[in-house]
Amino acid sequence: MPLGGKGPTTIAVLSVEVVLAAVFIAMRFYTRKVMKGGVGSDDYLLMVTWVFQALFVAFMIASSVYGFGQHRSELSAEDVRMATKIELVGQFAVSLAMGLSKTSVAMFLMRIVVAVWHKVVLWFWIVTMMGWSVLLAISCFAQCTPVEALWDARVKIESCPINLTNIAFIMCSWSAAMDFFLAAFPWAVLWKLNMQKREKITICVSLSLGILAGICGVVRTSGLAVLSQTADYLYATADSVMWTSSELTITIICVSIPVLRPLWIGLFSGTVSSDRYYKQSDGSDGIITIGRIRKARKKTDTELGLDTIPRPDVKDTQTTAIGATRRNSDTGSSERSILRDSQTIQKVQEFTIAYENGKAPRI
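Below or above, wherever it landed, is the structure these notes cover.

Thresholds applied
- Residues numbered from 1 in each chain as written.
- Predicted model: local features only at pLDDT ≥ 70, side-chain atom pairs only at ≥ 80, totals over all residues.
- Heavy atoms only, no water.
- Helix = DSSP H or I, 4+ residues; strand = E, 2+ residues; numbered from the N terminus.
- Buried < 20%, exposed > 50% of the residue type's maximum accessible area, 1.4 Å probe, protein only.
- Contact = heavy atoms within 4.5 Å.
- Axes fitted to C-alpha atoms, helices over the stretch in contact; angles between N-to-C directions.
- Parallel < 35°, antiparallel > 145°, perpendicular 65-115°, else oblique.
- Left-handed = near helix turned anticlockwise from the far one by under 90°.
- Nonpolar A, V, L, I, M, F, W, Y, C, P; charged D, E, K, R; others polar.
- Salt bridge = Lys/Arg side-chain N within 4 Å of Asp/Glu carboxyl O.
- Core = buried A, V, L, I, M, F, W, Y, C linked by side-chain atoms within 4.5 Å.
- Expected span 1.5 Å × (residues − 1).
- Polar contact = N/O pair within 3.5 Å; in protein donor to acceptor, adjacent residues only side chain to side chain.

For the rest of this paragraph, the subject is the overall build of the chain. Looking only at helices and strands, the chain has 10 helices and 4 strands in total. Each helix and strand of the chain, placed in order from N terminus to C terminus, yields the pattern α-α-α-α-α-α-α-α-α-α-β-β-β-β. A buried classification covers 45% of the 363 residues belonging to the chain. For the chain, the share of sequence-separated contacts (at least 6 apart) that also reach a separation of at least 24 residues comes to 68%.

Right, let's talk about the environment of Pro161 for a bit. Within the secondary structure, Pro161 sits in the loop between helix H4 (116-142) and helix H5 (164-189). A residue is classified by how much of its surface remains accessible, and Pro161, at 63% relative accessible area, is exposed. Taking the C-alpha atoms as reference, Pro161 lies 6.4 Å from Cys144; in sequence the two are 17 residues apart. With residues up to four places along the chain from it excluded, the contact list for Pro161 reads Ala142, Gln143 and Cys144.

Packing of helix H7 (residues 210-222) against helix H9 (residues 238-256) brings their axes to within 8 Å, and their N-to-C directions diverge by 165°. Judged on the interaxial angle alone, H9 and H7 are roughly antiparallel. Note that H7 runs across H9; the crossing there is left-handed. Taking contact as the criterion, the partners of Gly210, Leu212, Ala213, Cys216, Gly217, Val219 and Arg220 in H7 are, on H9, Ser240, Trp243, Thr244, Ser246, Glu247, Ile250, Thr251 and Cys254. Here the residues of the contact of H7 with H9 sort into 7 nonpolar, 6 polar and 2 charged.

All told, the structure shown has 13 salt bridges when counted by the stated rule. For the salt bridge of Asp43 with Arg28, the shortest nitrogen-to-oxygen distance reads 2.6 Å. Within this pair, whereas Asp43 is found in helix H2 (residues 41-66), its partner Arg28 is found in helix H1 (residues 7-35), the two being separated by 15 residues in sequence. Asp43 sits in the buried class, given a relative accessible area of 2%. With relative accessibility at 1%, the residue Arg28 sits in the buried group. Across the pair Arg154 and Asp152 runs a salt bridge, and its minimum N-O distance is 2.9 Å. Note on Arg154: relative accessible area 64%, which makes it exposed. Judged by its relative accessible area of 11%, Asp152 falls in the buried class.

For the rest of this paragraph, the subject is the nonpolar core. Membership of the largest hydrophobic core comes to 53 residues, with the highest contact counts inside it found for Phe56, Phe108 and Leu122. If you list the elements that add at least two residues to this core, you get H1, H2, helix H3 (77-110), H4, H5, helix H6 (197-208) and H9. Per-element tally for this core: the top contributor is H3, with 12 residues. Not counting residues up to four positions away in its chain, the partners in contact with Phe108 are Arg28, Arg32, Asp42, Ile203, Leu207, Val255, Pro258 and Val259. One finds Phe24, Met35, Ile253 and Leu263 within the second-largest nonpolar core, a separate group that totals 5 residues.

Next up on the list: the side chain of Thr244. Structurally, Thr244 can be placed in helix H9. If sequence neighbours within four positions are ignored, Thr244 has contacts with Val94, Met98 and Arg220.

With 26 residues, H5 should reach 38 Å at 1.5 Å per residue; the first-to-last C-alpha distance of 37 Å fits that figure. The N-cap residue of H5 is Asn163: its side-chain oxygen and the backbone nitrogen of Thr165 are 3.1 Å apart.

So, on to the environment of Leu20. Within the element layout of this structure, Leu20 appears in helix H1. For Leu20, a relative accessible area of 36% gives the class partly exposed.

Now for unusual backbone geometry. Cis geometry is found at the peptide bond from Thr145 to Pro146, where omega equals -10°. By the secondary structure assignment, Pro146 is in the loop between H4 and H5.

Running from amino to carboxyl end, H1 crosses H2 at an angle of 160°, the nearest separation of the two axes being 10 Å. When the axes of H1 and H2 are compared, the pair comes out roughly antiparallel. The two elements H1 and H2 cross, and the hand of that crossing is left-handed. Residue-level inspection shows Gly7, Ile11, Leu14, Ser15, Glu17, Val18, Ala21, Ala22, Ile25, Arg28, Phe29 and Arg32 of H1 in contact with H2, the latter providing Asp42, Asp43, Leu46, Met47, Trp50, Gln53, Ala54, Phe56, Val57, Met60, Ile61 and Ser64.

Right, dumping it as structure tokens:
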């Protein structure tokens, strides 16, 4: 069966968005790995998210070849069976991708926030969102028995203990709510960080673009009601599939933009900007934390390092320290090092003592 109906549009939208998401994730990973020297769990979660997104796109393209996006009356029985079966596999993949994408945003914020209640709130969203995502993924095939009856009209349905439409409605609503929350949450917590106001606004505005993902989620959710009211499943779900892909892609882009700032600076200024953001303690006497340090430099000039060392004067506490090792120094006679293997702050400097006999032993 040739492509038709909403099939070509679905393929075009999903293909463009999965490539766009891949570009942003690749730039994000390069920035973290090469320019900032620290790849975190949120980066790996985004990569896994993209893998599921790519699987989703591949399955939906295959489903479109068999007739996804077209009316049932225009397809043969075999095409309907194949298109429906493949679409269900794609829905399984994208259900997990949605949960992982929101989790990656929350984990990104988890690297910045310091208050316990901030972390508790973020973990609440992570657990509940992943719970609904996994439940929806399982329900794609567990909604009725035998499972073959979902795509093969020749197989008689024995029971349908799970209402997929209701679960999809709850999950999509929760996903949209989390988009709006993650767009607003940074404005409430980043002002306590010790960084320039411009930097705070950059991060907050970038994540606020998640409102667009929330809007996509709202539109997608509003169209789910027709799924339980029509037998034309392949045509009725086409719009929902495209809105789902758009929400997923926008989420990936929003969480990638704040990390890419050093890359933009490097491209336009010819220097490498090493931006690091650290937590600021809430008045604790036992912990000293440093909010932000930025060192614009040539690539071979200075390397910044980060380590955690014990506070000798405070029990069971740690101090975050930032150090730099300078190479090719203009002086040529001194090298300053912080955070050596001894886990203490040291300053090492070479100097010479001149004697009357002309010998100059090096100390």
